[in-house]
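Residue strings, one per chain:
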Amino acid sequence: QVQLVESGGGLVQPGGSLRLSCAASGTFFRINTMGWYRQAPGKQRELVASITSGRSTNYTDSVKGRFTISRDNTGNTVFLQMNSLKPEDTAVYSCNMRLQMNAYRSPDDYWGQGTQVTVSS
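Residues numbered from 1 in each chain as written. Predicted model: local features only at pLDDT ≥ 70, side-chain atom pairs only at ≥ 80, totals over all residues. Heavy atoms only, no water.

(A) Quick peek at the overall build of the chain. When you go through the chain residue by residue, the secondary structure sums to 0 helices and 11 strands. Considered along the principal axes of its C-alpha atoms, the chain spans approximately 50 × 25 × 25 Å. When the 121 residues of the chain are sorted by exposure, 40% land in the buried category. Here the analysis covers contacts within the chain between residues at least 6 apart in sequence; of these, 54% occur between residues at least 24 apart. As presented, the chain carries roughly 6500 Å² of accessible surface, and 44% of it is formed by carbon and sulfur atoms. If you average the places of the 12 positive and of the 8 negative side-chain charges in the chain, the two averages end up 4 Å apart. (Helix = DSSP H or I, 4+ residues; strand = E, 2+ residues; numbered from the N terminus. Buried < 20%, exposed > 50% of the residue type's maximum accessible area, 1.4 Å probe, protein only. Contact = heavy atoms within 4.5 Å. Areas by Shrake-Rupley, 256 points an atom, 1.4 Å probe, with all protein chains shown as cover. Lys, Arg positive; Asp, Glu negative; His and termini not counted. Charge placed at Lys NZ, Arg CZ, Asp CG, Glu CD.)

(B) Representation of the state of the cysteines. Evaluated as defined, the whole model comprises 1 disulfide. Each sulfur of the disulfide joining C22 and C95 lies 1.9 Å from the other. Here the S-S torsion is close to 40 degrees, and the disulfide linking C22 with C95 is therefore right-handed. Here C22, found in strand β3 (residues 18-25), pairs with C95, found in strand β9 (residues 91-100); they are 73 residues apart in sequence, far enough to count as distant. (Disulfide = S-S within 2.5 Å.)

(C) Structural context of the packing of aromatic side chains. Inspection of the entire model under this criterion finds 1 aromatic pair. The ring of F79 has R19 sitting right over it, with the charged end atom 4.1 Å from the ring centre. Directly above the ring of Y37 sits R45, whose terminal nitrogen or CZ lies 5.5 Å from the centroid. (Phe/Tyr/Trp six-rings, centres within 6.5 Å; stacked < 30°, edge-to-face > 60°. Lys NZ or Arg CZ within 6 Å of the ring centre and 35° of its normal.)

(D) Structural detail: the nonpolar core. Within the largest apolar cluster, 30 residues are counted, with the highest numbers of intra-cluster contacts made by W36, V78, L80, M82, Y93 and M97. Those elements giving two or more residues to this core turn out to be β3, β4 (30-39), β5 (46-51), β7 (67-71), β8 (77-82), β9 and β11 (115-119). Of all the elements, β9 adds the most residues to this core, at 5 residues. Those residues in contact with M97 that lie beyond four places of it in its chain are L4, C22, A24, I31, T33, M34, N76, V78, D108, D109 and Y110. (Core = buried A, V, L, I, M, F, W, Y, C linked by side-chain atoms within 4.5 Å.)

(E) Region of interest: the sheet that holds β8. In spatial order, the strands read β1-β3-β8-β7; together these 4 strands make up an open sheet with antiparallel pairing. Lying at the two open borders of the sheet, with one neighbouring strand each, are β1 (3-7) and β7. Shown here is a sheet whose adjacent strand axes are inclined to one another by a mean of 15 degrees, direction ignored. Summarising the sheet, β7 and β8 pair through 5 bridges and their orientation is antiparallel. Along β8, the bridge assignment pairs S70 with F79. (Pairing = 2+ DSSP bridges. Axes fitted to C-alpha atoms, helices over the stretch in contact; angles between N-to-C directions.)

It is worth stressing that arrangement in space is one thing and function is another; only the former is reported here.
Here's what the structure looks like:
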């Protein structure tokens, strides 16, 4: 059984930094794309950043230059370094991984439990 475990959320003042991490555990063949999504109260969930197995990255415009997504050398953990945080970054952040359970199966989506990020003075 695959599980994604997130850590690193919390309360931070505007201009501060936080680092989120999400680790995959269990047995699987390969992780393809990893991503971070967020959902603020009353808003739709949006893709914040994503990274492919080849380490190509993509960011939503509002976080470009402030957030950095990366994955560790094992390829099983994804990070989101968030700098220069703004109140509008406040949301529940969830990691997503597209996993292949074996070489013959199409990737499936797996989600972390979500972690609250609050930016407030």
